[in-house]
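Architecture and fold: a report
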Amino acid sequence: MLLTSVHIRIATKEDATLIADMSRRTFYDTFAATNTKENMDKFLREQFSTRQLIAEVGTPGNIFLLAYSDNKPAGYARLRANNNPPELGDMQTLEIARIYAVKEMIGKGIGNALMKESISIAKKTNKQIIWLGVWEENKRAIDFYLSQGFIKFSEHPFELGDDVQVDWLMKKAVSY
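Presented here is an overview of the structure given in this document. (Residues numbered from 1 in each chain as written. Predicted model: local features only at pLDDT ≥ 70, side-chain atom pairs only at ≥ 80, totals over all residues. Heavy atoms only, no water.)

Tallied over the full model, the rule gives 9 aromatic pairs. Relative to Phe 43, the ring of Phe 27 has its centre 4.8 Å away and its plane inclined at 20°; by these criteria the two rings are stacked. In this pair, Phe 27 is assigned in helix 1 (residues 16–31) and Phe 43 in helix 2 (residues 37–47), connecting sequence segments 16 residues apart. The same class applies to Phe 27 as to Phe 43, namely buried. (Phe/Tyr/Trp six-rings, centres within 6.5 Å; stacked < 30°, edge-to-face > 60°. Helix = DSSP H or I, 4+ residues; strand = E, 2+ residues; numbered from the N terminus. Buried < 20%, exposed > 50% of the residue type's maximum accessible area, 1.4 Å probe, protein only.)

Structure below.
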């Protein structure tokens, strides 16, 4: 069932702890069932420390979007400008570095609302391409991105703990 009202706003430094908590929880909920506990623990400890996630919110070039439903945090996205893989050269791009809905909100339009806002920001900032990386085993996410008009253009390795996985790189031209 889709939600009737999703409110999205740009996060501030005051939202850093909320984003850090949501980041760890949504990553764990999304990937724990298909990865070992040891690899999940190592990745969360090394790459998703609360201190590191809080620091990301204040780093220039990062834009965090927070999605709310009924005044409760329902998801978030992290956007980065011009963080290009070699295949995109010096094109003006916006990367969707993360886009997650909290577990109980998956399938209710949170991802769609965050995607719409991400594309809107890409347009407002005159980007040519919006792109992202997604684990090749995450069929649900890949299907969502395909439905949004993204196409696969490359692959790259992603280390989750000691497990080297393959991420698809997907892009969409930003039309004005």
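Before going further, it helps to spend a moment on the pairing of strand 5 (residues 129–135). In terms of burial, strand 5 is a largely internal element, 6 of the 7 residues being buried. Bridge count for strand 4 (residues 93–101) against strand 5 is 4 bridges, and the pairing is parallel. If you follow Ile 96 over to strand 5, its bridge partner there is Leu 132. For the crossover from strand 4 across helix 4 (residues 110–124) to strand 5, the handedness is right-handed. Of the strand pairs in this sheet, strand 5 and strand 7 (residues 163–173) are connected by 7 bridges, and their pairing is antiparallel. Pairing of Trp 131 across the sheet is with Lys 171, part of strand 7. (Pairing = 2+ DSSP bridges. Right-handed = clockwise from strand over helix to strand, strands pointing away.)

Spatially, 1-2-3-4-5-7-6 is the arrangement adopted by the 7 strands of the open sheet, whose pairing is mixed. The outermost strands of the open sheet, each flanked by one partner alone, are strand 1 (7–10) and strand 6 (151–160). Shown here is a sheet whose adjacent strand axes are inclined to one another by a mean of 25°, direction ignored. On the sheet, helix 1 packs against strand 2 (62–69), strand 3 (72–81), strand 4, strand 5 and strand 6 and is oriented at approximately 95° with respect to strand 3. Relative to the sheet, helix 3 (residues 50–58) contacts strand 2, strand 3 and strand 4, its axis offset from that of strand 2 by approximately 105°. (Axes fitted to C-alpha atoms, helices over the stretch in contact; angles between N-to-C directions. Contact = heavy atoms within 4.5 Å.)

By secondary structure assignment, the location of Gln 128 is in the loop between helix 4 and strand 5. You can call Gln 128 partly exposed: its relative accessible area is 39%. Sequence separation of Gln 128 and Lys 172 is 44 residues, and the distance between their C-alpha atoms is 8.7 Å.

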